[in-house]
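# Breakdown of the fold
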Amino acid sequence: GRIEAGLDTHVDRVQLEDILRYTIENVTKQAQDKSISLINQVNGDISPVMGNPIRLRQVVDNLVSNAVKYTPSGGSVTTRLRLEGDQVEPMRP
């Protein structure tokens, strides 16, 4: 809705791997407290994407934080990225 209203239209080159690494650093303590393993898999050299860096970080933070929050103690959370043609996609298990 904010984008359609003309807000949050800032777009820049964003390195998703850096955003993911930053997020994982921020949830590591929470994961350790629950004995959750954090696994980060990046397949290949992921090129920067065009996007709003603040919003992309919020999305990744929310996804990974919720994964840690709702994973039972002793479980694991895996994040995956891969380059498919000219698009970055989450890797399938």
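Overview of the structure.

Criteria and cut-off values
- Residues numbered from 1 in each chain as written.
- Predicted model: local features only at pLDDT ≥ 70, side-chain atom pairs only at ≥ 80, totals over all residues.
- Heavy atoms only, no water.
- Helix = DSSP H or I, 4+ residues; strand = E, 2+ residues; numbered from the N terminus.
- Buried < 20%, exposed > 50% of the residue type's maximum accessible area, 1.4 Å probe, protein only.
- Polar contact = N/O pair within 3.5 Å; in protein donor to acceptor, adjacent residues only side chain to side chain.
- Contact = heavy atoms within 4.5 Å.
- Salt bridge = Lys/Arg side-chain N within 4 Å of Asp/Glu carboxyl O.

Along the chain, Thr28 falls in helix α1 (residues 16–33). By relative accessible area, Thr28 is classed as partly exposed at 27%. A sequence separation of 40 residues divides Thr28 from Val68, and the C-alpha atoms of the two residues are 9.2 Å apart. In this structure the side chain of Thr28 is engaged in a polar contact, spanning 2.6 Å, whose partner is the backbone oxygen of Ile24.

This part covers the side chain of Thr71. Summarising the element assignment, Thr71 is placed in the loop between α2 (53–70) and β4 (76–84). Sequence-distant contacts of Thr71, defined by excluding residues within four places in its chain, comprise Lys34, Ile36, Ser76 and Val77.

Take the pattern of salt bridges next. Applying the stated criterion across every chain, the model contains 3 salt bridges. Between Arg21 and Glu17 there is a salt bridge; the shortest N-O distance is 3.5 Å. Of the two residues, Arg21 and Glu17 both sit in helix α1, 4 residues apart, roughly one turn of that helix. Among the ionic pairs, Lys29 bridges to Asp33, the shortest N-O distance being 2.8 Å. Highlighted residues: Lys29 and Asp33, both in helix α1, separated by 4 residues, approximately one helical turn.

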